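Residue-level listing of the chains:
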Amino acid sequence: MSLIQIKGLKKSFQGNEVIKGLDFVLEKGKCIALLGPNGAGKTTTLRMLSGLMKPTAGSISFSDAKKDGDIRHLIGYLPQFPVFYDWMSGFEFLQYVGKLAGLTSKEAKERSLELLEQVGISDAKNRRVGKYSGGMKQRLGIAQAIIHRPQLVMLDEPVSALDPFGRREVLELLEGLKKETTILFSTHILNDAEEVCDEILFLHNGEIVESGTMVELRERHQQAKIDLIFRKKTEEMESTFRNNHLTKSILIDGNRISVFVTDVETARKEFLKLISNKDWQLDKFEISSMTLEDVFMKVVGK
Amino acid sequence: MSQWMTLFQKEIIEMWRNFKWIWVPITFILLGVKEPLTSYYLPQIIKSVGGLPEGAVFEIPTPTAGAVLASGLSQYSTIGVLVIVLGTMGIIAGERKSGVAAMILVKPVSYLSYVTSKWAGSLLLVWISLFIGYLSTWYYTGQLFDWVPIGEFFQSFVLYGLWLTLIVTVTVFFSSALLSPGVAGFISLALALAVSILSGALSHLLEWSPSQLTSYAGALLTAGELPDDTLPASLVALVIILIFLLFSVFVFKRKELAS
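Treat the numbers as computed from the prediction; the structure is a model and nothing was measured.

Cut-offs applied
- Residues numbered from 1 in each chain as written.
- Chains lettered and ligands numbered in written order.
- Predicted model: local features only at pLDDT ≥ 70, side-chain atom pairs only at ≥ 80, totals over all residues.
- Heavy atoms only, no water.
- Helix = DSSP H or I, 4+ residues; strand = E, 2+ residues; numbered from the N terminus.
- Buried < 20%, exposed > 50% of the residue type's maximum accessible area, 1.4 Å probe, protein only.
- Contact = heavy atoms within 4.5 Å.
- Areas by Shrake-Rupley, 256 points an atom, 1.4 Å probe, with all protein chains shown as cover.
- Lys, Arg positive; Asp, Glu negative; His and termini not counted.
- Charge placed at Lys NZ, Arg CZ, Asp CG, Glu CD.
- Polar contact = N/O pair within 3.5 Å; in protein donor to acceptor, adjacent residues only side chain to side chain.
- Core = buried A, V, L, I, M, F, W, Y, C linked by side-chain atoms within 4.5 Å.

S.K.: Please explain the overall build of chain B as it appears in this structure.
M.R.: For chain B, the count of helices and strands is 11 helices and 0 strands. The linear arrangement of helices and strands in chain B, starting from the amino end, is α-α-α-α-α-α-α-α-α-α-α. Along the longest, intermediate and shortest principal axes, the C-alpha atoms of chain B span 75 × 40 × 35 Å. Residue burial in chain B is summarised as follows: out of 259 residues, 50% are buried. For chain B, the share of sequence-separated contacts (at least 6 apart) that also reach a separation of at least 24 residues comes to 80%. Carbon and sulfur atoms form 71% of the exposed surface of chain B, whose accessible area is close to 12000 Å². The averaged location of the 13 negative side-chain charges in chain B is 23 Å from the averaged location of its 12 positive side-chain charges.

S.K.: Honestly, the side chain of Ser156 of chain B in this entry has me stumped. Any pointers?
M.R.: Residue and element names in this part refer to chain B. Tracing the backbone through its elements, the reader meets Ser156 in helix 8 (residues 150–177). A residue is classified by how much of its surface remains accessible, and Ser156, at 0% relative accessible area, is buried. Polar contacts involving the side chain of Ser156 include one to the main-chain carbonyl oxygen of Phe153, which spans 3.0 Å. What Ser156 contacts, discounting residues up to four positions off in sequence, is Leu73, Tyr134, Ala217, Leu220 and Leu221.

S.K.: When you look at the nonpolar core in this model, what are you seeing that I'm missing?
M.R.: It is characteristic of soluble globular proteins that their nonpolar side chains tend to be buried jointly. Judged by nonpolar contacts, the single largest core of 146 residues is most densely connected at Leu152 and Leu184 of chain A together with Ile104 and Tyr114 of chain B. Broken down by element, the residue count for this core peaks at 15 residues, all from helix 8 of chain B. Those residues in contact with Ile104 of chain B, other than ones at most four positions away along the chain, are Tyr85, Phe93, Tyr96, Val97 and Leu100 of chain A together with Val109 and Tyr114 of chain B. One finds Phe230, Met237, Leu246 and Trp280 of chain A within the second-largest nonpolar core, a separate group that totals 14 residues.

S.K.: Would you mind showing me how to read the side chain of Arg139 of chain A here?
M.R.: All names here are of chain A. Position of Arg139 among the secondary structure elements: in helix 4 (residues 134–146). For Arg139, a relative accessible area of 14% puts it in the buried group. For Arg139, the residues in contact, after removing those within four places along its chain, are Val119, Gly120, Ile121, Gly166 and Glu169.

In structure tokens:
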């Protein structure tokens, strides 16, 4: 079931085209990562989807939109830098937003308490938001985005500003959230996308340069690569691997030689034999699969 | 309606937490009490400060109670307006600038309710402050001079309130049309000043100008009866208030919340 269809979405600022025509469909119940380097247009895309910005061209159609086109009851949105009323407590803010989203006072109160617990800030619920740390604001931001159980939750860089612990916890939160709703979140951190998401949209210079599930992406970009790390790398090693008949290309980084090969199995046997014959001191031998980072570099680099 | 009440309550609580409920009424009371006190004690003040040449006879006529009340009221159209504009100019622009407006309006919140609840919240503050302040003027004038009939007090209070309502509405409009609270405040003040000066200078041509409401209120207190143009001027004020309020919503709706 498709939740939202985007066709030919474009956005220009003063004649400068930032989003150059996006087409994609979001399926219900999926977790999709909008991945791209800084300035790729991730925030702009999310702002257009949430209705905070008007597209220059193209259409965004939600399958369950109201007749007048209002989609705000369907979505929850967390901006990159969430802002609250500093004079309210976290608990008050959630209740306020819950009531605005149509919950009764009682529902809003119960749901707020439940969410404060879920995002792990119930100890600070009566503290003024102005006194919250960055991580706590981010959690409160997630809580306010999902308070009305929206069909689609959009999170703009939810973990980028957090320390490793906070990051871990928020990712786990998203993992749990996946069961309840559709999630679209933007990030420039590849591991985060890889960890939580089923699907990835690669955005680069305002265009989708690659998309698909993790498995599809791996298959499409699979390259056999062998990483060799030596105690001490010599010129001889370099030229030996460079000129091997199995080698497609090599990358040198300090004492590491990464060899892209045509056939991993043959290469493994041959390389190991070669190394032991020459008696080179090998610290590490690794057959690596393509990581998302490699795909990212490859896609962005072209 | 319940959403509107939620928004409105938030405005009231916010003004409580940032002490507007304290300092705006206090300012209005101070402004209002100043006039009867200084008028009453002026002869003593001059005497005790001295500086008059020996033997100079300096008769200060005792003003009528109505005149004292009228000049007390006029304080609100200068410093009072300044206080109101400064307190209101950030009401929408500030929330948009900080980004919290986007957080709220990405929820299914009606733009009409968002703007009108803020407008109503400011008005409540202004009317209550004006009432308390003006009541204290009336009380001190009564104690020190003479009691002005309570009917005249109420009528002049409503006329002044109407003018201040217009000021609030115009400020809300610029606050919703512009991103900077400072610029919104400046334009609102400049506009109020320009209208007052213009209608004052061309009073025979612009009898229905809403800023004339302030002088009509004064005329009621000094002469004891309302000028004939009070009704058209009040109607014009109401129409302008309504137009500016609707425009505030309209302009705000068309704006992009994120930029």
